[in-house]
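Here is how the chains run, residue by residue.
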Amino acid sequence: MEIPSILYTLSTLETTRLTLRAFDTADASAISALANDRDIAQNLATLPHPYLPEMAMEWLATLPDLHSGKTHRIWAITLKGTQLIGAIGLHDVSHEHSNAELGYWLGKEYWGKGFATEAARAVVEYGLGEMSLERVYAKHFARNPQSGRVLAKIGMQHEGVLRRHFCKWGEFQDCVIYGIVQGEL
Ligand SMILES: CC(C)(COP(=O)(O)OP(=O)(O)OC[C@H]1O[C@@H](n2cnc3c(N)ncnc32)[C@H](O)[C@@H]1OP(=O)(O)O)[C@@H](O)C(=O)NCCC(=O)NCCS
């Protein structure tokens, strides 16, 4: 597939240990190597399994439209500009309602080190700060409490449970919703 190597422009975000940057076509095989994991896919509403490099390339090809339409901001999570360890984004950005949904995943070998919390804090700060959103929210499957811990640690509030909100691999999943609004950071 012919897609340009510079896919979209996005502010790079720096944290103590991480650089959050725009994805590049060269990331396709690393994305697949990290995300081709049933333990990741089972906790994400839309990620298929298996997840092959050509599927990552197809996803990368969607990013220019998502960014030019200003409906998404999607960052590669890297260890200070070196290797890719995951992805994080603000999805379904609503300019009418001034809100967006936070979502993320990390390769399994990077779990339990506080990286998701560090990345999520930077992206929420960007959403409520530079983007001036009124609200950022996130949903996680009830069977995935570690994601709830990430959201609680960055100051998001538990707002409720959406019963049987998603159907993943033929099974309905309850989703826990967290949110944060202007003035709460
Ligand atoms: C969810 C995910 C991003 C967390 O990444 P991470 O870098 O390990 O997260 P952090 O280290 O920042 O924080 C994880 C927290 O969950 C806690 N935790 C781990 N397993 C847990 C469990 N079974 N129950 C409750 N908390 C748990 C950890 O102890 C830690 O909290 P603490 O700092 O208070 O001890 C990662 O597991 C992942 O990519 N999972 C697959 C995709 C996914 O679920 N994405 C989110 C969809 S909403």
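Let me sum up the structure you'll find in this document. (Residues numbered from 1 in each chain as written. Predicted model: local features only at pLDDT ≥ 70, side-chain atom pairs only at ≥ 80, totals over all residues. Heavy atoms only, no water.)

1. A short note on the sheet that holds strand 7 (residues 157–168)
Our working definition: Here the rule is simple: two strands pair whenever DSSP picks up at least two bridges between them. Secondary structure follows DSSP: runs of H or I at least 4 residues long count as helices, runs of E at least 2 residues long count as strands, and numbering of each begins at the N terminus.
Judged by pairing direction, the sheet is mixed, and its eight strands sit side by side in the order 1-2-3-4-5-6-8-7 without closing on themselves. Here the strands that pair on one side only, and so sit at the sheet edges, are strand 1 (13–14) and strand 7. Where strand 5 (residues 99–106) meets strand 6 (residues 135–141), three bridges bridge the pair, whose relative direction is parallel. Its bridge partner lying in strand 6, Glu-101 is registered against Tyr-137.

2. A few points about the pattern of salt bridges
This is how it is decided: Throughout this description, the term salt bridge denotes a Lys or Arg side-chain nitrogen within 4 Å of a carboxyl oxygen of Asp or Glu. Relative accessibility under 20% of the residue-type maximum defines a buried residue, over 50% an exposed one, and the middle range a partly exposed one, all with a 1.4 Å probe and only protein chains included.
In this structure the tally under the stated criterion is seven salt bridges. One salt bridge connects Lys-108 with Asp-37, and the closest N-O pair in it is separated by 3.4 Å. In this pair, Lys-108 is assigned in the loop between strand 5 and helix 4 (115–128) and Asp-37 in the loop between helix 1 (28–35) and helix 2 (38–41), connecting sequence segments 71 residues apart. Taking the relative accessible area as the measure of exposure, Lys-108 reaches 37% and is therefore partly exposed. Residues participating in the shared-partner salt-bridge network are Asp-37, Asp-39 and Lys-108.

3. Thoughts on the site of the ligand
Applicable threshold: Here, proximity means that at least one heavy atom of the residue falls within 4 Å of the molecule or strand. Two N or O atoms count as a polar contact when they lie within 3.5 Å, although within protein this holds only if one can serve as hydrogen donor and the other as acceptor, and sequence-adjacent residues are included solely when both atoms are side-chain atoms. All accessible areas in this document rest on Shrake-Rupley with a 1.4 Å probe, and a residue is counted as covered only by the protein chains that are shown. Basically, the charged four are Asp, Glu, Lys and Arg, the nonpolar ten are Ala, Val, Leu, Ile, Met, Phe, Trp, Tyr, Cys and Pro, and anything else, Gly included, counts as polar.
Not every one of the 22 residues close to the ligand is listed here, only the nearest: Gly-112, Thr-117, Asn-144, Arg-149 and Lys-153. Contact distances for the ligand include 2.8 Å between an oxygen atom and a backbone N or O atom of Gly-114. One of the side-chain N or O atoms of Arg-149 is found 2.6 Å from an oxygen atom in the ligand. Here the ligand has 970 Å² of accessible area as a free molecule, and 73% of this is covered by the chains. Within the residue set of the shell around the ligand, elements represented by two or more residues are strand 5, helix 4, strand 6 and helix 5 (145–153). Ranked by the residues each element gives to the shell around the ligand, the list is headed by helix 5, at six residues. Of the residues assigned to the shell around the ligand, the class counts are ten nonpolar, eight polar and four charged.

4. Observations regarding unusual backbone geometry
Residue His-49 is joined to Pro-50 through a cis peptide bond whose omega torsion reads 0°. Its location among the elements puts Pro-50 in the loop between helix 2 and helix 3 (53–68). Phi angles above zero are rare outside glycine, and Ser-132 is one such case at about 55°. Tracing the backbone through its elements, the reader meets Ser-132 in the loop between helix 4 and strand 6. Its identity is not glycine, yet Trp-169 carries a phi of approximately 50°, on the positive side. The topology assignment puts Trp-169 in the loop between strand 7 and strand 8 (171–181). Classification of Trp-169 as partly exposed rests on a relative accessible area of 40%.

Read these as geometric descriptors, not functional statements.
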